[in-house]
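# A closer look at the structure
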Amino acid sequence: MFVREKRIGPYTYVYLVETARDQGKVRQRIIANLGRKEDVAARGELDRLARSAARQAQHSMVVSLADADGVPQLNCRRIGPPLLFERLWRDTGCAAVLHELLAARGFGFSVKRAVFLTVLHRLMVSGSDRACEQWREDYRIAGIDDLQLHHLYRAMAWLGEELPAAEQTGRTLTPRCVKDLVEERLFAHRRALFADLAVLFMDTTSLYFEGEGGATLGECGHSKDYRPQLHQMIVAVIIDQHGRPVCSEMWPGNTADVTTLLPVVERLRIRFGIGRVCVVADRGMVSAATRTALEQRGLEYILGVRERSSKEVREIVLADPSPSVPLVVPHTGRPDTELQAKEVRHQGRRYIVCRNLAEAEAAARTREDVVASLRARLRQGDKSLVGNSAYRRYLKTPDPQHFAIDEARIAEEARYDGLYVLRTNTRLHPLTAMLRYRDLLVVEQLFRIEKALLETRSIYHQSDEAIRGHVFCSFLALVLAKELEDRLAAVGLKPERRELLADLDRLQEIEVEQAGKRFILRSPVTGMAGKAFQAVGVALPPNIREAKVVSAAA
């Protein structure tokens, strides 16, 4: 079947024609007169016909493969994550920075591709390098075909390799390594993004590891994973006020949070040339000695205060009668956030008393429900109430045989509904200081992603260098995750991370062979994957194409 033109007088007409055998002779038979050529072109009928025929040809190829004798040769690989994150890997400067640092090294394999493979594995499922080697078999990733497990180990060791003594200026509890050079050059590559870098957030987590590695990193400390018998390390990630990852730190597992903040701030000023810094930290991150040291160095801070345990805050700051200044933060698609803030000064110390009215109402309702239930249970004489922590906090024992409602405790608890207190040495307006501290709450959402990416267990590396490189790949994964989030937000999208990764994972290519030729068929794009590719600027391969030899990526 084909399209044929025929000129009749001054006009050219277009016909849809088929070839058929009639009485032993091959003849052409007109199926349809499509009309005058210029009219057909204007209506776009030929284009629609060609697209329809192409789709039918693809369908016919697949059907013919399925109907053919024997099972056709098939090779199915996932392509969504490599396509998307390969672009972000280049755009964030990760590929260029590694290329610069490896230019003078003589590795016999592509360290750059080994690192990218490990980072992509962190983004999708995380886990050990041994698991990564097996995981990659399901994906079409350029330039990794020749990589073996020992190559991944060597790439990790290179990232964690200590720098010469002359380059150890500004080290903290651990030596400067290649991964520090990567962070600094990434910062320089993206310096325009960090032009207003003045507020820094730091969060820490612990990672235990197996095996004999960790001669200096491995220490037994407070285990958040309930594995006190295993050596662990402390990993910190420093993020700016927009949630962009700046750098990471790694310390022995017995390092306390309160001892790390000041060395990190000092090192940041040296490494990145940061002048004015405002440290924003939550309760428990900063000790009194650290706060004093910050003031001595002229560093600004906004720190959360333990309002319940501080006598000064409890008896003086919260008792201040001055009115609060209201602020409404508008939201699209959900209720606005109503906030209040006021300044209280005492003996030269500046406090900001903040309250979230929605959280205050929710806390009051919860307490009322608990107390109402408690009163009903007490009328039944049920002494087992003391075993319920929600009940026990509102109980008192007037005598050893009885329990009663502690009305004073209920009134005291009401003081703290939706309330948090800050201590600061800045000159910011109370509302501005409150909003700056609330940025910490927003950034903590990114920290939760970071901690998920840091779930790299089990870690079986035998050296500190390889362990540092293994964990640093999670930091690079966080850089890509944040870049993707920003690209999607720029076009008004905020998909759930795991759902988006699942949509990307469904995009596959199937390589088939027919009549001595190899073809690659692409599966349809589903869910949010298509919009993500558009936001990042990635063009998808065609639905069907003839297979060609693809050279390894640089």
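Residues numbered from 1 in each chain as written. Predicted model: local features only at pLDDT ≥ 70, side-chain atom pairs only at ≥ 80, totals over all residues. Heavy atoms only, no water.

### Considerations on the pairing of strand S11 (residues 337–346)
Of the strand pairs in this sheet, strand S10 (residues 325–329) and S11 are connected by five bridges, and their pairing is antiparallel. Bridging across to S11, leucine 327 finds its partner in leucine 339. The pairing of S11 with strand S12 (residues 349–356) spans eight bridges and is classified as antiparallel. For glutamine 340, the partnering residue across the bridge sits in S12 and is arginine 355. Here S11 hands over to S12 after two residues, with glutamine 347 in that stretch at a positive phi of 50 degrees. (Pairing = 2+ DSSP bridges. Helix = DSSP H or I, 4+ residues; strand = E, 2+ residues; numbered from the N terminus.)

### Side note on the confidence of the model for the protein chain
Per-residue confidence for the protein chain gives a mean pLDDT of 80, with 78% of residues at or over 70. Averaged pLDDT values for the elements of the protein chain fall to 57 in helix H2 (residues 45–67) and rise to 96 in helix H3 (residues 80–91). (pLDDT = per-residue confidence, 0-100.)

### Re the pattern of salt bridges
Applying the stated criterion to the full structure yields 31 salt bridges. The partner of arginine 487 in a salt bridge is aspartate 91, and the shortest N-O contact between them spans 3.0 Å. Here aspartate 91 lies in helix H3 and arginine 487 lies in helix H16 (residues 464–490), a separation of 396 residues in the sequence. One continuous salt-bridge network, built from bridges that share partners, spans Arg176, Lys179, Asp180, Glu183, Glu184, Glu249, Arg267 and Arg271. (Salt bridge = Lys/Arg side-chain N within 4 Å of Asp/Glu carboxyl O.)

### Observations regarding H16
In a regular helix each residue adds 1.5 Å, so 27 residues correspond to 39 Å; H16 covers 40 Å between its end C-alpha atoms and thus fits that length. Buried residues dominate H16, accounting for 22 of its 27 residues. Among the residues trailing H16, glycine 492 stands out with phi positive, at a value near 80 degrees. (Expected span 1.5 Å × (residues − 1). Buried < 20%, exposed > 50% of the residue type's maximum accessible area, 1.4 Å probe, protein only.)

### Points about the environment of alanine 236
One can find alanine 236 in strand S6 (residues 232–240). Put simply, alanine 236 and methionine 202 are 34 residues apart on the chain and 6.6 Å apart in space, counted from C-alpha to C-alpha.

### Considering the environment of arginine 308
Along the chain, the position of arginine 308 falls in the loop between strand S9 (300–304) and helix H11 (311–317). On the basis of relative accessibility, which here comes to 41%, the residue arginine 308 falls in the partly exposed class. Not counting the four nearest positions on each side in its chain, arginine 308 is found in contact with Arg314, Glu413 and Tyr416. (Contact = heavy atoms within 4.5 Å.)

### Things to note about the packing of H16 against helix H18 (residues 529–536)
One way to put it is that H16 packs onto H18 with a least axis distance of 9 Å and a crossing angle of 95 degrees. The pairing of H16 with H18 is recorded here as roughly perpendicular in orientation. The residues of H18 that touch H16, namely those facing Leu484, Arg487 and Leu488, are Ala532, Ala535 and Val536. By residue class, the composition of the contact of H16 with H18 is five nonpolar, no polar and one charged. (Axes fitted to C-alpha atoms, helices over the stretch in contact; angles between N-to-C directions. Parallel < 35°, antiparallel > 145°, perpendicular 65-115°, else oblique. Nonpolar A, V, L, I, M, F, W, Y, C, P; charged D, E, K, R; others polar.)

### Here's the deal with the packing of aromatic side chains
Between two aromatic rings, the relevant description is the distance of the centres plus the angle of the planes. Per the stated rule, a full pass over the model turns up six aromatic pairs. Where phenylalanine 107 meets phenylalanine 109, the ring centres are 5.8 Å apart and the plane angle is 70 degrees; that geometry is what we call edge-to-face. Classification of phenylalanine 107 as partly exposed rests on a relative accessible area of 22%. Given a relative accessible area of 11%, phenylalanine 109 falls into the buried group. Ring centres 5.6 Å apart and planes at 20 degrees place the aromatic pair phenylalanine 472 and phenylalanine 475 in the stacked group. In this pair, phenylalanine 472 and phenylalanine 475 both sit in helix H16, three residues apart, roughly one turn of the helix. With relative accessibility at 5%, the residue phenylalanine 475 sits in the buried group. The lysine or arginine in question, arginine 308, covers the ring of tyrosine 416, its NZ or CZ lying 4.3 Å from the ring centre. Over the face of the ring belonging to tyrosine 416 we find arginine 415, whose NZ or CZ atom lies 6.0 Å from the ring centre. (Phe/Tyr/Trp six-rings, centres within 6.5 Å; stacked < 30°, edge-to-face > 60°. Lys NZ or Arg CZ within 6 Å of the ring centre and 35° of its normal.)

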